[in-house]
Amino acid sequence: HVMEQSRVITADAETALGQTLPMPLPLLFSRWYGPISPVKAVRDQAGDWSAAGQTRTVVQVGGGSMREELTVVDPPNTFGYTLTNVTGPLSPLVDHIDGEWLFAPTGTGTTVTWRWTVHPKSATAGLAMPGFAALWRGFARQGLEERSDELLRRGRSAHVLWVSRVAAWPGSRGCISTSAMSGS
């Protein structure tokens with residue numbers, strides 16, 4: 001069950017990845033989106049979040065948590081992680097999640113794509129994935145907006161193009177939707 005959301009920003013890929021990877025999660029995910037809660041805290045992280053193999057615990061408002069392991073760091077192209085030991089509201093649905101952020105040069109900017117591959121806890125949980133994907137896309141759009149806003153606060157102008165794609169089942173083509181927005 002692949003879910004992704006993209007946003008084109010006018011920053012180079014190196015800057016976009018270099019400022020996204022170490023960004024504190026409570027700053028990046030500070031707002032509710034429907035039933036998806038913001039990140040309250042990060043625990044058990046040693047040093048900067050910058051190298052494959054590092055782990056930490058992500059604590060959500062409302063008591064949920066998950067273990068995050070950074071699995072790939074390939075500047076300026078991508079970083080990836082796996083979320084396991086999911087507790088709280090997502091625990092009946094999710095066994096684990098493979099996440100990645102992709103940074104691809106696009107014209108004078110970068111397409112930033114956040115992708116989740118969700119592995120449902122059961123076949124029954126898999127039936128809920130299309131609805132969860134719709135919520136997640138909104139949450140991801142909000143997170144990418146926060147990321148872009150932070151770049152803007154650092155003195156960069158941005159024009160954005162939203163692109164979202166959801167594959168509700170393996171091998172499906174899903175659906176793609178786009179909308180343009182100016183961030184300047």
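Everything in this summary refers to the structure shown in the same document. Everything numeric here is computed off the predicted structure, so don't read it as measured data.

The next point concerns the pairing of strand β4 (residues 65–74). In this sheet, β4 lies alongside strand β3 (residues 55–60) in antiparallel orientation, the contact comprising 5 bridges. Its bridge partner being in β4, threonine 57 is matched across the sheet by arginine 67. Hairpin connection, β3 to β4: the antiparallel pair is bridged by 4 residues, and glycine 62 has positive phi, about 95 degrees. Where β4 lies against strand β5 (residues 78–84), 7 bridges are found, and the strand directions are antiparallel. Looking across to β5, one finds that aspartate 74 is bridged to threonine 78. Hairpin connection from β4 to β5: 3 residues lie between these consecutive antiparallel strands.

Note on aromatic pairs: each is described by the distance of the centres and the angle between the planes. Considering all chains together, one arrives at 10 aromatic pairs under this definition. Relative to phenylalanine 139, the ring of phenylalanine 29 has its centre 5.3 Å away and its plane inclined at 20 degrees; by these criteria the two rings are stacked. With a gap of 110 residues between them, phenylalanine 29 in the loop between α2 (25–28) and β2 (39–43) and phenylalanine 139 in helix α4 (residues 129–153) connect regions that are remote in the sequence. Take phenylalanine 139: its relative accessible area is 7%, and that puts it in the buried class. Arranged with centres 6.5 Å apart and planes meeting at 20 degrees, the rings of tryptophan 116 and phenylalanine 132 form a pair that is stacked. Highlighted residues: tryptophan 116 in strand β7 (residues 109–120) and phenylalanine 132 in helix α4, separated in sequence by 16 residues. With a relative accessible area of 7%, tryptophan 116 lands in the buried category. Residue classification places phenylalanine 132 among the buried positions, given a relative accessible area of 8%.

As a further point, take unusual backbone geometry. The omega angle of the peptide bond from proline 75 to proline 76 is 0 degrees, so this bond is cis rather than trans. As for its position among the elements, proline 76 is in the loop between β4 and β5. For aspartate 44, which is not glycine, the phi torsion reads 65 degrees and is therefore positive. Counting through the fold element by element, aspartate 44 comes out in the loop between β2 and β3. For aspartate 44, a relative accessible area of 62% gives the class exposed. The phi dihedral of asparagine 85 falls on the positive side, at around 50 degrees, and the residue is not glycine. Classification of asparagine 85 as exposed rests on a relative accessible area of 54%.

With that out of the way, let us pick up the pattern of salt bridges. If the charged atoms of two oppositely charged side chains come close together, the side chains can form a pair. Applying the stated criterion across every chain yields a total of 6 salt bridges. Note that glutamate 146 is salt-bridged to arginine 31, the shortest N-O span being 3.0 Å. Here glutamate 146 is found in helix α4, whereas its partner arginine 31 is found in the loop between α2 and β2, with 115 residues between them in sequence. Note that arginine 67 is salt-bridged to glutamate 69, the shortest N-O span being 3.6 Å. Glutamate 69 sits in the partly exposed class, given a relative accessible area of 28%.

Turning to the pairing of β7, a few remarks are in order. As paired elements, strand β1 (residues 2–9) and β7 share 8 bridges and run antiparallel to each other. The residue of β7 that forms the bridge with valine 8 is threonine 111. When strand β6 (residues 94–106) meets β7, the two strands line up antiparallel, connected through 12 bridges. Residue pairing for β7: glycine 99 is matched across the bridge by tryptophan 116.

Criteria and cut-off values
Residues numbered from 1 in each chain as written. Predicted model: local features only at pLDDT ≥ 70, side-chain atom pairs only at ≥ 80, totals over all residues. Heavy atoms only, no water. Pairing = 2+ DSSP bridges. Helix = DSSP H or I, 4+ residues; strand = E, 2+ residues; numbered from the N terminus. Phe/Tyr/Trp six-rings, centres within 6.5 Å; stacked < 30°, edge-to-face > 60°. Buried < 20%, exposed > 50% of the residue type's maximum accessible area, 1.4 Å probe, protein only. Salt bridge = Lys/Arg side-chain N within 4 Å of Asp/Glu carboxyl O.

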